[in-house]
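Notes for the structure review
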Amino acid sequence: MKKILVTGAGGFVGTRILAQLGDRYEMAAFPRGMLASADRGQVLAAVRAAAPEVILHTAAVSDTGYSEAHPDQSYRANVELTLWMAEAAREVGAKLVCFSSDQVYAGLPGKGPFGEEDVRTPANVYGRHKREAEQRGLEILPDAVFLRATWMYDLPGYGLPIRPNLPLNLLRAALRGEEAVFSPTDYRGVTYVRQAVENLIPAMALPGGCYNFGSENPLDMDATARAFCAAMGIAPRLTPGDRVRSLAMDCGKARRAGIVFDDTAAGIRRCLADYGLDSF
Ligand SMILES: NC(=O)c1ccc[n+]([C@@H]2O[C@H](COP(=O)([O-])OP(=O)(O)OC[C@H]3O[C@@H](n4cnc5c(N)ncnc54)[C@H](OP(=O)(O)O)[C@@H]3O)[C@@H](O)[C@H]2O)c1
């Protein structure tokens with residue numbers, strides 16, 4: 001059984017990797033909280049001791065607003081830690097698969113969808129740090145795989161941690177009678193996290209490089225929110241906003257390598273079906 005070492009195993013994605021893939025791989029994880037303070041030597045020693053065949057690197061400061069306010073913490077977590085993982089993976093001969101982000105496209109003009117080569121200097125700290133990690137990580141370990149993930153979601157349940165996401169934000173607005181604002185000039189994909197976790201299996205076999213990774217979305221975010229509400233049978237007060245942005249990705253490179261996602265509107269239907277909520 002292939003041995004996988006998961007970083008960020010207490011996080012939104014990491015917990016789901018352990019829960020979902022745990023019966024198909026031998027799983028190891030860093031102790032909770034360790035990677036927020038470990039130095040390079042401790043990280044390398046821990047990877048050496050675990051001797052994995054694959055490292056799935058999800059540990060990060062993953063909040064864009066927090067990264068903007070705390071760039072030093074973001075740099076350590078999102079750049080330095082990733083480079084230490086690349087060094088460690090090279091030393092033990094492990095395949096390294098890292099989560100990057102669609103935020104590397106922040107600030108690009110036009111609607112997209114953007115291909116992997118379209119990236120320039122991202123407009124926010126988090127995006128710039130994710131981009132630097134990709135570039136320098138690939139210099140250390142050209143065989144490493146960087147997955148540019150979209151905003152991801154799940155429903156609460158199974159004792160797994162949850163974080164603000166599109167369906168939850170819409171449900172909350174509907175329950176509380178609050179206004180929800182989404183802009184018809186804002187474009188991005190939104191992905192059901194369990195499909196992303198399942199697609200980590202083929203991602204472990206990808207050649208080194210950067211890959212857009214998630215559900216594509218031809219709709220703007222106002223239309224996307226309305227499609228999610230229709231699927232969930234809820235009717236919060238939706239107000240069109242004026243944000244102009246595109247993080248929309250063309251995922252053809254991953255698709256040609258066999259990694260297939262539902263499009264964004266179909267993803268929520270898969271999620272609801274998984275939870276037995278599709279017939280309501
Ligand atoms: N969630 C999304 O919608 C989304 C979208 C695009 C990209 N991503 C990327 O996908 C990956 C996983 O995201 P996620 O949502 O699972 O993140 P998360 O829930 O915030 O979890 C990240 C984990 O990283 C570890 N961590 C926290 N602070 C740290 C620090 N200062 N230094 C080092 N490690 C720290 C913790 O692991 P332990 O609890 O094990 O200590 C934490 O649980 C990240 O690289 C993120 O940037 C996520």
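First things first, this report covers the structure right here in the doc. Residue numbers run consecutively from 1 along every chain, following the written order of its sequence. Only residues with pLDDT of 70 or above have their local features reported here, since the model is predicted, and side-chain atom pairs are shown and tallied only from 80 upward, although totals for entire chains, interfaces and linings are computed over all residues.

1. A closer look at the packing of helix H9 (residues 221-232) against helix H11 (residues 264-274)
Our working definition: Each axis is a line fitted through C-alpha atoms, and for a helix only the stretch in contact is used; angles between axes span 0 to 180 degrees, taken between their N-to-C directions. Numbered from the N terminus, helices here are DSSP runs of H or I no shorter than four residues, and strands are runs of E no shorter than two. Each angle gets one of four labels, with under 35 degrees taken as roughly parallel, over 145 as roughly antiparallel, 65 to 115 as roughly perpendicular, and the rest as oblique. By definition, turning the near helix anticlockwise from the far helix through less than a right angle yields a left-handed crossing, and turning it clockwise yields a right-handed one. A pair of residues counts as a contact when their C-beta atoms, built from backbone coordinates, are separated by no more than 7 Å. Each residue is assigned to one class: nonpolar for Ala, Val, Leu, Ile, Met, Phe, Trp, Tyr, Cys and Pro, charged for Asp, Glu, Lys and Arg, and polar for all the others, Gly among them.
Taken N-terminus to C-terminus, the directions of H9 and H11 make an angle of 25°; their axes are 10 Å apart at the nearest point. What the angle tells us is that H9 and H11 run roughly parallel. Crossing of H9 over H11 shows right-handed handedness. Taken together, the residues of H11 that come into contact with H9 (itself represented by Thr224, Ala227, Phe228, Ala231 and Met232) are Thr264, Ala265, Ile268, Arg269 and Leu272. In the contact of H9 with H11, the residues fall into seven nonpolar, two polar and one charged.

2. Digging into the environment of Ile17
Relative to the assigned elements, Ile17 resides in helix H1 (residues 12-21). Distance from Ile17 to Leu56, taken between C-alpha atoms, is 8.9 Å for residues 39 residues apart in sequence. Non-local contacts of Ile17, meaning those with residues more than four positions away in its chain, are made with Val6, Leu56, Val197 and Leu200.

3. Some remarks on the site of the ligand
What counts here: Only the C-beta atom, placed from the backbone, is used; a residue is near a molecule or strand if that atom lies within 6 Å of it.
The ligand sits among 25 residues. The nearest are Gly8, Gly10, Gly11, Ala60 and Phe99. Those elements giving two or more residues to the shell around the ligand turn out to be H1, helix H4 (71-92), strand E4 (95-101) and strand E6 (151-153). Classifying every residue of the shell around the ligand by side-chain character gives 14 nonpolar, nine polar and two charged.

4. With respect to the nonpolar core
What counts is decided by this rule: Joined through C-beta atoms within 7 Å, a set of buried Ala, Val, Leu, Ile, Met, Phe, Trp, Tyr and Cys residues constitutes a nonpolar core. Buried, partly exposed and exposed are defined by the number of other C-beta atoms within 10 Å of a residue's own C-beta, namely 20 or more, between the two limits, and 12 or fewer respectively, with C-beta atoms placed from the backbone.
Core analysis: the biggest nonpolar cluster contains 76 residues, and Ile55, Ala89, Leu96, Val97, Val145 and Leu147 have the highest contact counts within it. Element by element, the count of residues in this core is highest for H4, at seven residues. Once residues within four sequence positions are removed from consideration, Ala89 is found in contact with Ile55, Ala94, Leu96, Leu141 and Ala144.

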